[in-house]
Amino acid sequence: MARRMSIKRKYQTGRGTNKGVDYAPWIKAREISSIGTKGIIKDWKDGRQRHLLSQNEVRFYYILRWNDRVTDIREQFPLEIEKTKKIAASFGVKHPGNGIDPMTTDLLVDYVDEKGMIRQKAYSIKNDRSVIFGDIEDLSVARAVEIQRIEMSYWKLNQIPFQIVFGDEMNHVLASNIAVVTSFYDTCTVNTPQSFLLWLLAHKYIKVDMESMPLDFPALMEEYLGSPEKIAQQMRVIPAKVASLIEMNMNDVMCNKFK
């Protein structure tokens, strides 16, 4: 675990500010102790590392980012502490932490709506419903509910939709398939017919069922790239400069496969 940065230093370095590649989360994965479920992933579109604090955050991140309407996702987003303190006081509950470290929301998403307007939506990721809908007599559940009410009220005050997402209700198959294909989003990773297939899937030149079952790559290879003619057909649907680079990278492998 990396040494924790002081709250003062976080503010000085702009943690939780900016957008896109310039954003730095309030909490980074290396700064917290964990049983191994956190993850740092490189966003396949903008290249910035995302610091996600659970595998459910990782899964939901992949699902959100796969949506072409989503333009940015900011993780571990800090809430304005004076606002959350007032909300906590209005509920008569203790503010989380030491009173100077802000609360955070797991994911803040920018997306384009049907009218072409940029909108935002905030998400809290929980393992399952028992975390906040369990036995209210359980002190941990009661406290989780208090904290969730503060977070929910904060976003309502800011007129930004807020949703709680439960890990056991996510489509794990979809998240896993997205993770596999997007690892070949970069053209420089394409040097074999199979990596070309994954690149085509990542860029959505080929659209298949990603939600029902793990992708059957041998079957997809046969269907879309099973002959030099099929490969040439796929080359014709992508930009010429990209096709030229991919063809150059794959040339030796293709010649060996089909000679």
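Residues numbered from 1 in each chain as written. Predicted model: local features only at pLDDT ≥ 70, side-chain atom pairs only at ≥ 80, totals over all residues. Heavy atoms only, no water.

A. Geometry of the pattern of salt bridges. Summed over all chains, the structure comprises 14 salt bridges. The salt bridge involving E80 is made with K83; its shortest N-O contact spans 3.2 Å. You can call K83 partly exposed: its relative accessible area is 27%. Taken together, the shared-partner salt bridges connect D43, D46, R50, R65 and D72 into one network. (Salt bridge = Lys/Arg side-chain N within 4 Å of Asp/Glu carboxyl O. Buried < 20%, exposed > 50% of the residue type's maximum accessible area, 1.4 Å probe, protein only.)

B. Focus on the environment of S130. Mapped onto the fold, S130 is located in helix α4 (residues 130-133). Remark: the alpha-carbon pair of S130 and V141, spanning 11 residues in sequence, is separated by 7.9 Å. (Helix = DSSP H or I, 4+ residues; strand = E, 2+ residues; numbered from the N terminus.)

C. Inspection of unusual backbone geometry at higher detail. In this structure, Q76 takes a positive phi of about 50 degrees despite not being glycine. By secondary structure assignment, the location of Q76 is in strand β3 (residues 70-78). For Q76, a relative accessible area of 1% corresponds to the buried category. A positive phi angle, near 60 degrees, is found at Q159, a position not held by glycine. Note that Q159 resides in the loop between α5 (139-157) and β6 (162-166). What makes Q159 exposed here is its relative accessible area of 74%.

D. Representation of the packing of helix α3 (residues 81-91) against α5 in the model. Close contact between α3 and α5 brings their axes to 9 Å; oriented N to C, the two are set at 120 degrees. In terms of orientation, α3 lies oblique with respect to α5. Note that α3 runs across α5; the crossing there is right-handed. Facing α3, whose interface residues are K83, T84, I87, A88 and F91, α5 presents R149, I150, S153, Y154 and L157. A per-class count over the contact of α3 with α5 returns 6 nonpolar, 2 polar and 2 charged. (Axes fitted to C-alpha atoms, helices over the stretch in contact; angles between N-to-C directions. Parallel < 35°, antiparallel > 145°, perpendicular 65-115°, else oblique. Left-handed = near helix turned anticlockwise from the far one by under 90°. Contact = heavy atoms within 4.5 Å. Nonpolar A, V, L, I, M, F, W, Y, C, P; charged D, E, K, R; others polar.)

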